[in-house]
Amino acid sequence: MNTVVVTQILSAPAASVSLAAGNGLGNDTGNGSSNSDHADRRGQSPRLIEGATTEPVWVRRLLIGAALAFMTLFLFVPLASVFVEALKKGWDVYLASITEPDALSAIQLTLIAAAISVPLNLVFGLAAAWAIAKFEFRGKNLLLTLIDLPFSVSPVIAGLIYVLVFGLQGWFGEWLRDHDLKIIFAVPGIVLATVFITFPFVARELIPLMQAQGIEQEEAARVLGASGWQMFRRVTLPNVRWALLYGVILCNARAMGEFGAVSVVSGHIRGQTNTMPLHIEIVYNEYQFAAAFAVASLLAGLALVTLVAKYAVEQRLKREHQPLHQDA
């Protein structure tokens, strides 16, 4: 575009150029801001104007102190209390609480549900983001709306949907019973509920980035003879790898901590269909506080690891985007 502008300027008549220069000079003469610019160029200091958002020092300190107090009261203290209560009776009780059969079964089921749902959502998120960002098709806005559906629907309602569809009295209940297949109150139902709750995270991280990147690089690769798979593997995927990892981290954190939808479809069968959040609820209601806080500390530890990984990916994304903004 710069070449075209330069060419147009060079090819313009001399009178037009001189007229434009005259108009610009006249505008500069009658513009106070231009005079101040000239004054700045001569070395004079511009007058400092206080911004509308500038507040006194005491106001800023008060706001920062209020924010820190709020975070300490509602975040740091409860988080620390989980670990304190978990270790209150010593390491022996702590280890016994997280290694007893029901706790191990809950941990195993939680990892299984996350290990199945996260890769499925990764594939779906990539496919949905690719379709929405790179192509125009009928129903595109509808697909975007459906992706956001788990954000607007209560997890309990999502669990009830699967009960109405796959339960014994549901649409496919008799067929599943006749073929000796069980989804509700079994592992498949837990996986389905987890997939439904977590599928927006990867797609929602990739769609804005892919839309901002445009399709120029893919078009160039297509002109050079790249196939669809080569274009995706060598052009698209490297450009979104950190955003993809960021979405996977969020998806995994939500999958491990999901309670509402899983609670509806699990049946609360101890040692079989209880995930870690459900196991914590059961033992806490039975006044086994040490066991409840011990398993809760594992979830809290996973959350802290997720935050650290999330922060590392965010910093990597900022470092990769900074050269692009400087070039722009």
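For the structure given in this document, a descriptive report is provided here. (Residues numbered from 1 in each chain as written. Predicted model: local features only at pLDDT ≥ 70, side-chain atom pairs only at ≥ 80, totals over all residues. Heavy atoms only, no water.)

## Here we look at the overall build of the chain
If you tally the helices and strands in the chain, you get 17 helices and zero strands. With 328 residues in all, the chain has 33% of them scored as buried. Pairs at least 24 apart in sequence give 71% of the contacts found in the chain among residues at least 6 apart. Counting every atom, the chain has about 20,800 Å² of accessible surface; 66% of that belongs to carbon and sulfur. (Helix = DSSP H or I, 4+ residues; strand = E, 2+ residues; numbered from the N terminus. Buried < 20%, exposed > 50% of the residue type's maximum accessible area, 1.4 Å probe, protein only. Contact = heavy atoms within 4.5 Å. Areas by Shrake-Rupley, 256 points an atom, 1.4 Å probe, with all protein chains shown as cover.)

## Re the side chain of Thr 273
Along the chain, the position of Thr 273 falls in the loop between α15 (260-266) and α16 (276-285). A polar contact is formed between the side chain of Thr 273 and the backbone oxygen of Ser 266, at a distance of 2.7 Å. Excluding residues within four positions of it along the chain, Thr 273 makes contact with Leu 109, Phe 185, Ala 186, Ile 190, Ser 266, Gly 267, His 268 and Leu 278. (Polar contact = N/O pair within 3.5 Å; in protein donor to acceptor, adjacent residues only side chain to side chain.)

## Here we look at the side chain of Ser 117
Assignment of secondary structure puts Ser 117 in helix α6 (residues 101-134). Note on Ser 117: relative accessible area 0%, which makes it buried. At 2.8 Å, the side chain of Ser 117 and the backbone oxygen of Ala 113 are in polar contact. Apart from residues lying up to four places away in sequence, Ser 117 is in contact with Thr 194, Val 195, Thr 198 and Ala 255.

## Quick look at the nonpolar core
Soluble globular proteins tend to bury their nonpolar side chains together. Among the nonpolar cores identified, the biggest contains 26 residues, and Ile 147, Val 202, Leu 206 and Ile 207 are the most heavily contacted of them. Those elements giving two or more residues to this core turn out to be α6, α7 (140-147), α12 (200-213) and α14 (228-257). The element that contributes the greatest number of residues to this core is α14, accounting for eight residues. Ignoring anything within four residues of it in the chain, the contact list for Val 202 reads Asn 121, Leu 122, Gly 125, Leu 244, Gly 247, Val 248 and Cys 251. (Core = buried A, V, L, I, M, F, W, Y, C linked by side-chain atoms within 4.5 Å.)

## Brief notes about the packing of aromatic side chains
One pair of aromatic rings is described through two measures. These are the centre distance and the angle between the planes. On inspection of all chains with the given rule, the structure shows 14 aromatic pairs. Where Tyr 287 meets Phe 289, the ring centres are 6.0 Å apart and the plane angle is 85 degrees; that geometry is what we call edge-to-face. We classify Tyr 287 as exposed; its relative accessible area is 66%. With relative accessibility at 37%, the residue Phe 289 sits in the partly exposed group. Joined through ring pairs, the aromatic side chains of Phe 124, Tyr 162, Phe 166, Phe 172, Phe 196 and Phe 199 make up one cluster. (Phe/Tyr/Trp six-rings, centres within 6.5 Å; stacked < 30°, edge-to-face > 60°.)

## So, the pattern of salt bridges
If you walk through the whole model with that rule in mind, you get seven salt bridges. Across the salt bridge formed by Arg 270 and Asp 102, the nearest N and O atoms sit 3.5 Å from each other. Within this pair, whereas Arg 270 is found in the loop between α15 and α16, its partner Asp 102 is found in helix α6, the two being separated by 168 residues in sequence. The partner of Lys 140 in a salt bridge is Glu 136, and the shortest N-O contact between them spans 3.1 Å. Under the relative-accessibility criterion, Lys 140 is labelled buried at 13%. (Salt bridge = Lys/Arg side-chain N within 4 Å of Asp/Glu carboxyl O.)

## Examining unusual backbone geometry
Not every positive phi belongs to a glycine, and Asp 180 is a case in point at roughly 55 degrees. Tracing the sequence through the fold places Asp 180 in the loop between α10 (173-178) and α11 (187-198). The class of Asp 180 is exposed, set by a relative accessible area of 72%. Even without being a glycine, Phe 185 presents a positive backbone phi close to 60 degrees. Within the element layout of this structure, Phe 185 appears in the loop between α10 and α11. With a relative accessible area of 39%, Phe 185 lands in the partly exposed category.

## Things to note about empty space enclosed by the protein
A full pass over the atoms with the stated rule returns one cavity of 30 Å³ or more. Taken as a whole, the largest cavity spans an internal volume of roughly 50 Å³. Lining the largest cavity, in full, are Thr 110, Ala 113, Ile 190, Thr 194, Ala 255, Met 256, Glu 258, Val 262 and Thr 275. For the lining of the largest cavity, the secondary structure elements donating two or more residues are α6, α11 and α14. By residue class, the composition of the lining of the largest cavity is five nonpolar, three polar and one charged. (1 Å grid on protein atoms, 1.4 Å probe; cavity = no way out; pocket = protein on both sides within 12 Å on 5 of 7 lines; lining within 4 Å. Points joined across faces, edges and corners; volume = space filled by probe spheres on them. Nonpolar A, V, L, I, M, F, W, Y, C, P; charged D, E, K, R; others polar.)

## A look at α16
An α-helical turn contains 3.6 residues, so any two residues separated by three or four positions project in the same direction. With respect to burial, α16 is a largely interior element, seven of its ten residues being buried. Among the residues of α16, Met 276, Pro 277, Leu 278, His 279, Ile 280, Ile 282 and Val 283 are the ones counted as buried. Once α16 ends, the next one or two residues include Tyr 287, with phi positive near 65 degrees.

## Concerning a nonpolar patch on the surface
On the surface, a nonpolar cluster with roughly 640 Å² of combined accessible area is contributed by Phe 70, Met 71, Leu 73, Phe 74, Leu 75 and Phe 76. Locating Met 71 in the fold gives a position in helix α4 (residues 57-86). Residue classification places Met 71 among the partly exposed positions, given a relative accessible area of 36%. (Patch = residues over 30% accessible without salt bridge, like charges linked within 9 Å, V, L, I, M, F, W, Y side chains within 5 Å.)

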